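# Working through the structure, step by step
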Amino acid sequence: MIDTISNMFPDIPVPMSSTSSPNRSDNVRYDLLRTGSVELTSNKILERGFLDAPPPAYYTLFPRDTAPARPSTATTTARAAEKKAAESLISRYDLQERVTKEEIILEDQIGGKAVWEDSVEKREASLKERKAQMILAARQCVSHLFFSFWGTAADC
């Protein structure tokens, strides 16, 4: 429940009246313990803009954590994005050979109307080929725009 509130409101302000400078998750945890409801806690944040600081007795039952218990989802998501960014569509669909041959895709060949094949394997192969044609056509279009703007590759 704490993660739900923290994800919904990543910048919950700490109240100015607190002298012990509590952690934001302590405010969320304390309010969830009091209300027992994510809905009531989120409504309180929306109405007031902040959550009350826990009293000093709270910290005797729940000592402050100095280190996070698990890695944050932001760092996990960033790592996954870096991994995906390294892989291109050309490598994902094994189109290196077709790129080196500089296969020209005409506009009327792109996508086209799919024919319902008899077997699953034929339908899968047809879909894979249509994806490959769209990827190569997009690459061809982008390179055409690039060279028409910058001139030849030697001018870049």
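Just above, that's the structure.
Described in the following lines is the structure provided in the data block. (Residues numbered from 1 in each chain as written. Predicted model: local features only at pLDDT ≥ 70, side-chain atom pairs only at ≥ 80, totals over all residues. Heavy atoms only, no water.)

## Quick look at the nonpolar core
I90, L95, V99, I105, A132, I135, L136 and A137 together form the largest nonpolar core, which totals eight residues. Element by element, the count of residues in this core is highest for helix α8 (residues 120-150), at four residues. Those residues in contact with L136, other than ones at most four positions away along the chain, are L95, R98, V99 and I105. Membership of the second largest hydrophobic core comes to seven residues, among which are I5, F9, V28 and L51. (Core = buried A, V, L, I, M, F, W, Y, C linked by side-chain atoms within 4.5 Å. Buried < 20%, exposed > 50% of the residue type's maximum accessible area, 1.4 Å probe, protein only. Helix = DSSP H or I, 4+ residues; strand = E, 2+ residues; numbered from the N terminus. Contact = heavy atoms within 4.5 Å.)

## Details of the pattern of salt bridges
In total, this model carries four salt bridges according to the counting rule given. With a shortest N-O distance of 3.6 Å, R29 and D26 are connected by a salt bridge. Residue R29 and its partner D26 are both found in helix α2 (residues 24-35); the two are separated by three residues, about one turn of the helix. Judged by its relative accessible area of 3%, D26 falls in the buried class. E129 is the partner of R98 in a salt bridge, and the nearest nitrogen-oxygen pair spans 3.0 Å. (Salt bridge = Lys/Arg side-chain N within 4 Å of Asp/Glu carboxyl O.)

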